[in-house]
Amino acid sequence: YVLGLPPPDIAFPEEDTEQVNVNNLPTIYRAIWETARKHDVDDAITRRVVAMFAYDVDLSKRISAGDSIEILQTAPDGSGRSELLYVALKTGSTSRELYRFRTDEGSVDFYDPEGETGKRFLTRRPVKGGGRLVSRFGYRVHPIFKTRKLHTGSDFAAPLGTPIYAAGDGVVERAQWVSGYGKYVQLKHVNGIETAYGHMSRIADGLEPGMPVRQGQIIGYVGSTGNSTGNHLHYEIRVNGRPVDPLSVKLPRDKALPPQYEASFTQTVTQVRELMQRPAIPALVVAQR
Ligand SMILES: [Zn+2]
């Protein structure tokens, strides 16, 4: 796939319209995997697609009628590998499109039509698989103390030992037992932002205050230490020391395409959109008797 030239070997996904039983709809996560498998999309590409949307989309939500995913990839090369060129996910009333773009220096990333990466400065659900949201940020009756108080984070249930990731690049501030939180890690990020992770069964080996961490690095494992009634991650985001709702706080995007690429990126977007408007190549039918 060379920018500015007609792509030679584009594989069109087959028509992907399916009748679904609306009473028992799968989660977005499962639907993406099932759809991809059904259409022989390489697992590596599916993982990449899921990771790209995980920053932004609540993948544990159930799909609704009309939700769709479109994937454009190159035809497999000699070793059977395909390259993802474009992916669009439509859920409810929102739709997200990401286009592959390669800069002159050769770095490849996926950008939305405005030239921003789908990546976020912080992950909203920093646990492997995203967990199951069991308690939101906000006032609630505490499950143990039965008093009404502010729940300062989001709780994601996940099996014991599920990896917990650093939500963003930062530095470890605390990695220790903290009353109530149990085994606890606190990270400091830029702009006065901190993230905190509670009730871990185990803190990652060697994690110590002052240590730099990268987004996605494993910092610990899900457990039920401290005041907890079951295995889950209690996840907090604090802005200047004040806890905010991790699922709704507006977070800055991580990075955007440098302005000098605007014209060629716009061309890429136009090209892909034209391709996607064409009808899918009909399956070759050979009548044999
Ligand atoms: Zn909690």
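Residues numbered from 1 in each chain as written. Predicted model: local features only at pLDDT ≥ 70, side-chain atom pairs only at ≥ 80, totals over all residues. Heavy atoms only, no water.

J.: Can you explain the overall build of the protein? Please cite residues and give values.
T.: Broken down by element type, the protein carries three helices and 18 strands. Once local pairs closer than 6 in sequence are excluded, the contacts in the protein between residues at least 24 apart make up 62%. If you sum the accessible surface of the protein, you get close to 16200 Å²; carbon and sulfur atoms cover 50% of it. (Helix = DSSP H or I, 4+ residues; strand = E, 2+ residues; numbered from the N terminus. Contact = heavy atoms within 4.5 Å. Areas by Shrake-Rupley, 256 points an atom, 1.4 Å probe, with all protein chains shown as cover.)

J.: Summarise the coordination of the zinc ion; cite the residues concerned and give the values.
T.: Taken together, His151 (NE2), Asp155 (OD), Asp155 (OD) and His234 (ND1) make up the full set of protein donors to the zinc ion, lying 1.9 to 2.8 Å away. One can describe the site at the zinc ion as irregular: its four donor atoms subtend angles covering 52 to 155° at the metal. Sequence spacing among the residues donating to the zinc ion works out to H-x3-D-x78-H. A residue pair is termed long-range when its members are at least 10 positions apart, and His151 in strand β8 (residues 148-151) and His234 in strand β17 (residues 232-239) qualify at 83 residues. The pair His151 / His234 is uniform in exposure class, with both members buried. (Donors = N, O, S within 2.8 Å, 3.2 Å for Na, K, Ca; no water. Tetrahedral: all angles 85-135°; square planar, octahedral: opposite > 155°, others 65-115°. Buried < 20%, exposed > 50% of the residue type's maximum accessible area, 1.4 Å probe, protein only.)

J.: Account for the pairing of strand β13 (residues 193-200), naming residues and giving values.
T.: Most of β13 is tucked away: eight of the eight residues are buried. In terms of strand pairing, strand β12 (residues 182-188) meets β13 through five bridges, oriented antiparallel. When the sheet's bridge partners are listed, Val185 is paired in β13 with Tyr197. Between β12 and the antiparallel strand that follows it, β13, lie four residues; Asn191 among them carries a positive phi value of about 60°. In this structure, β13 lies alongside β17, joined through six bridges in antiparallel fashion. Looking across to β17, one finds that Gly198 is bridged to His234. (Pairing = 2+ DSSP bridges.)

J.: So, the sheet that holds strand β10 (residues 163-165): which residues are in play, and what are the values?
T.: Strand order in the open sheet formed by three strands is β10-β16-β14, with antiparallel pairing between adjacent strands. The open sheet has two edge strands with one neighbour each: β10 and β14 (202-203).

J.: Could you give an account of unusual backbone geometry, naming the residues involved and the relevant values?
T.: Residues other than glycine seldom take positive phi values, yet Asp40 does so here, at roughly 55°. Turning to its location among the elements, Asp40 is positioned in the loop between α1 (28-38) and α2 (43-54). Assessed through its relative accessible area of 66%, Asp40 is described here as exposed. In this model, His199 sits at a positive phi of 65°, which is unusual for a non-glycine residue. Mapping His199 onto the fold places it in strand β13.

J.: So what about α1? Which residues, and what values?
T.: Of all the positions in α1, only Ile28, Ala31, Ile32, Trp33, Thr35 and Ala36 are classed as buried. Looking one or two residues past α1, Asp40 carries a phi angle of roughly 55°, positive in sign.

J.: Give a description of the side chain of His234 that names residues and reports values.
T.: What makes His234 buried here is its relative accessible area of 6%. With sequence-adjacent residues up to four places away left out, His234 is seen in contact with His151, Thr152, Gly153, Ser154, Asp155, Tyr181, Ala196, Tyr197, Gly198 and His199.

J.: An account of the pattern of salt bridges is needed here, citing residue identities and associated values.
T.: In the structure shown here, the tally under the stated rule is eight salt bridges. The partner of Arg37 in a salt bridge is Asp43, and the shortest N-O contact between them spans 2.9 Å. When its relative accessible area of 25% is taken as the criterion, Asp43 is described as partly exposed. Arg100 is the salt-bridge partner of Glu83, the closest N and O atoms lying 3.7 Å from each other. Taken as a pair, Glu83 in the loop between β2 (68-74) and β3 (84-91) and Arg100 in strand β4 (residues 94-102) lie far apart in primary sequence, 17 residues in all. (Salt bridge = Lys/Arg side-chain N within 4 Å of Asp/Glu carboxyl O.)

J.: I'd like to hear about the packing of aromatic side chains, residue by residue, with values.
T.: A complete count under the given rule lists seven aromatic pairs for this structure. Arranged with centres 4.9 Å apart and planes meeting at 45°, the rings of Tyr86 and Tyr99 form a pair that is tilted. Placement of Tyr86 in strand β3 and of Tyr99 in strand β4 is noted, with a sequence separation of 13 residues between them. Residue Tyr86 is classed as buried on the basis of its relative accessible area, which comes to 5%. Given a relative accessible area of 0%, Tyr99 falls into the buried group. With 5.7 Å between their ring centres and 65° between their planes, Phe101 and Tyr261 make a pair best called edge-to-face. Taken together, the residues span a long stretch of sequence, with Phe101 in strand β4 and Tyr261 in the loop between β18 (242-244) and α3 (262-277) at a distance of 160 residues. The exposure class assigned to Phe101 is buried, which follows from its relative accessible area of 2%. Classification of Tyr261 as buried rests on a relative accessible area of 4%. Three or more aromatic residues joined by ring pairs form one cluster here, namely Tyr86, Tyr99, Phe101, Tyr111, Tyr261 and Phe265. (Phe/Tyr/Trp six-rings, centres within 6.5 Å; stacked < 30°, edge-to-face > 60°.)

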